[in-house]
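The primary structure of each chain is shown beneath.
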Amino acid sequence: MKLLITGGAGFIGSNFILYWTKNHPKDFIINFDKLTYAGNLENLKSLEENPNYTFIKGDICNEQAVDKVMRGIDTVVHFAAESHVDRSIIKPSDFVVTNVLGTQVLLAAALRNNVGRFHHVSTDEVFGSLNFNDKSKFNERTQYNPRSPYSASKAGSDHLVNAYFHTYGLPITITNCSNNFGPYMFPEKFIPLAITNILEGKKVPVYGDGLYVRDWLYVMDHCRAIDLVLQKGRIGETYLVGGMTNAVSNIEVIKKILKIMGKNEDFIEHVKDRPGHDRRYAVDWSKIKNELGWEPEYSFDEWLEKTVQWYKENEKWWRDVKSGEYQTYYKEQYGKI
Ligand code: NAD
Ligand code: DAU
C-alpha cells in the first residue's frame, strides 16, 4: 500500500509515520509537508535510510504539487494544518488558507486520482465548549459550535470532507480527537511549554484561573485509533477519539508536572486569559470502542512522567525549536514571563 501523509513532519504526523513504519513495514510512505515553524525533519531522522519512506517538501494549497504527489496513492492521511489556537487568534487568515483551502485542494486531487481512502484528522474543538460542572461529553451527534479561528477553520475542513463524500462519493473517514501529548510536541502547547520552561528555570504561564479541562490522549493511542479506522472503519463515518483522563484541570496538570520534576508551585504564574477560552472538553469514545474495539491504553499519569523524561533526554531537540521564530512568538504572546 502507498500512503500519502500530509503534515508528517509535525507532532502527531511524525509520531504516526514512526508508528506506521514499525507496524506496517512493507507499506510505502510519502510525507508531504511545507515545513512551517511546526515541521521538523529531526523527528524522522531514524527513517532517513528507509527505502520505503520519502519526504517531499510542499504546500497543500499548491494544486500542481498536490496533484503530482497524489498519483498512485492508495490512502491519504491528512494531518497538515495550522494547529495552535493562540496563533489563530493572532493571525486567523493563515488558518483559513491552510486548514480550509488546503484541505479542499487535497480533496479535489484525491478525487481526480481515484484515491481509495481519504482520512481526515480533526479535533474535538469543533464542538465548542462544555460546562465545567456537568458530566456531558462530545459524541458523533454533537452539533458543531467552534469558537476560535482555529476550531472554525477545522470545522470548515470537516464539512468539506463530508461534502466530498456525499456529493462526489470520495471514500472518506474522519477522526475528531482530544488533546494529544507525547514526544516531539511543539513547545507552544501547554504540556511541552510547561516542561521545557521548568527545565530552563522559567515560570509557567497559566491562563486565567487555570480551571480549564482537557481530555488528554497519549499520541500513540491516537495513532492506533487512526490505524483501526483505516483498516476497519466504515466509509463516510466520523469517529471520536479521547483519552483516559477524568476531568483534569490545567492547574492540576501543572501541579503533576511540578511534582514529577521535583519543583514547587512558585513556578506557576497566572496570566491574562485566552480570549474565547473553551472551558472543558470531554470525549465519549464509545462508538470507536463498540465498532472497532479501540480504547485508550496509555494512562495519563504514567505517560506524562515518560513525556517529562523524553524532554529531559532530548534537550537539543527542544532548545533548537525554542530558538529563532519561537522567541518572537513567545514575547508577543507572553510579554516578559
Ligand atoms: P503541528 O502543528 O505539530 O504540525 C502541523 C504540520 O503541518 C507541520 O509539520 C507543518 O509544517 C505542516 N503544515 C502546515 N501547513 C502546511 C501546508 N500548507 N502544507 C503542508 N504542510 C503544512 O500539528 P499537530 O499537533 O501534529 O496536529 C496534526 C493534526 O491533528 C492537525 O490537523 C490538528 O488540527 C489535529 N489535531 C491535533 C491535536 C493536538 O492535540 N495536537 C488534537 C486534535 C487534532
Ligand atoms: O482538543 C484538541 C486540540 O488540543 C487540538 O485540536 C489543537 O491543535 C491543540 O493545540 C490543542 O488545543 P488546546 O488549545 O486545548 O491546547 P493548548 O496546549 O494550547 O492548551 C491546553 C490548555 O492549557 C488550554 O486550556 C489553554 C491552557 N494554556 C495553554 C498555554 C499554551 C495555558 O494555561 N497556558 C499556556 O501557556
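You'll find the structure just up there.
Conventions and cut-offs
Residues numbered from 1 in each chain as written. Chains lettered and ligands numbered in written order. Predicted model: local features only at pLDDT ≥ 70, side-chain atom pairs only at ≥ 80, totals over all residues. Heavy atoms only, no water. Core = buried A, V, L, I, M, F, W, Y, C linked by side-chain atoms within 4.5 Å. Buried < 20%, exposed > 50% of the residue type's maximum accessible area, 1.4 Å probe, protein only. Contact = heavy atoms within 4.5 Å. Helix = DSSP H or I, 4+ residues; strand = E, 2+ residues; numbered from the N terminus. Arc of directions from axis to C-beta. Disulfide = S-S within 2.5 Å. Pairing = 2+ DSSP bridges. Axes fitted to C-alpha atoms, helices over the stretch in contact; angles between N-to-C directions.

1. Focus: the nonpolar core
For step 1, the next point in the chain: Judged by nonpolar contacts, the single largest core of 56 residues is most densely connected at Phe16, Val77, Ile191, Ile254 and Ile257.
For step 2, the next point in the chain: Once you skip the residues sitting within four places of it in the chain, Ile254 turns out to touch Phe190, Ala194, Ile198, Val204, Val206 and Ile268.
For step 3, the next point in the chain: With 23 residues, the next largest nonpolar core counts Val69, Ile73, Leu107 and Ala108 among its residues.

2. So, helix 12 (residues 325-334)
Residues three or four positions apart in an α-helix share a direction because the helix packs 3.6 residues into each turn.
For step 1, the next point in the chain: Of the positions making up helix 12, those classed as buried are Tyr326, Tyr329, Tyr330 and Tyr334. All buried residues of helix 12 project into a common sector of 100° when viewed along the axis, lining one side. Those residues of helix 12 that are exposed and angled more than 90 degrees off the buried face are Thr328, Lys331 and Glu332.
For step 2, the next point in the chain: Of the surrounding secondary structure, the elements contacted by the buried residues of helix 12 are helix 3 (85-90), helix 6 (190-199), strand 8 (204-207) and helix 11 (315-321).
For step 3, the next point in the chain: Following helix 12 by one or two positions, Gly335 has its phi on the positive side, about 65°.

3. Remarks on unusual backbone geometry
For step 1, the next point in the chain: Within the chain, Asn114 stands out as a residue other than glycine whose phi angle is a positive 50°.
For step 2, the next point in the chain: Within the fold, Asn114 resides in the loop between helix 4 (92-112) and strand 5 (117-123).
For step 3, the next point in the chain: At Tyr184, a position not held by glycine, the phi torsion is positive, near 65°.
For step 4, the next point in the chain: Structurally, Tyr184 can be placed in the loop between strand 7 (180-181) and helix 6.
For step 5, the next point in the chain: Note on Tyr184: relative accessible area 19%, which makes it buried.

4. A word on the state of the cysteines
For step 1, the next point in the chain: Counted under the stated rule, the structure contains zero disulfides.
For step 2, the next point in the chain: Left unpaired, Cys223 is separated from the closest cysteine sulfur, that of Cys177, by 9.6 Å.
For step 3, the next point in the chain: Its relative accessible area of 0% is what places Cys223 among the buried residues.

5. Quick notes on the sheet that holds strand 3 (residues 53-57)
Pairing between the strands of a sheet is mediated by backbone hydrogen bonds and can be parallel or antiparallel.
For step 1, the next point in the chain: Read across the open sheet, the seven strands follow the order 3-2-1-4-5-6-11; overall the sheet is parallel. Each end of this open sheet is capped by a strand with a single partner; those strands are strand 3 and strand 11 (238-241). In this sheet, neighbouring strand axes are inclined to one another by 20° on average, regardless of whether the strands run parallel or antiparallel.
For step 2, the next point in the chain: On top of the sheet, helix 1 (residues 11-23) reaches strand 1 (2-6), strand 2 (28-33), strand 3 and strand 4 (75-78); it is set at about 175° to strand 2, its chief contact.

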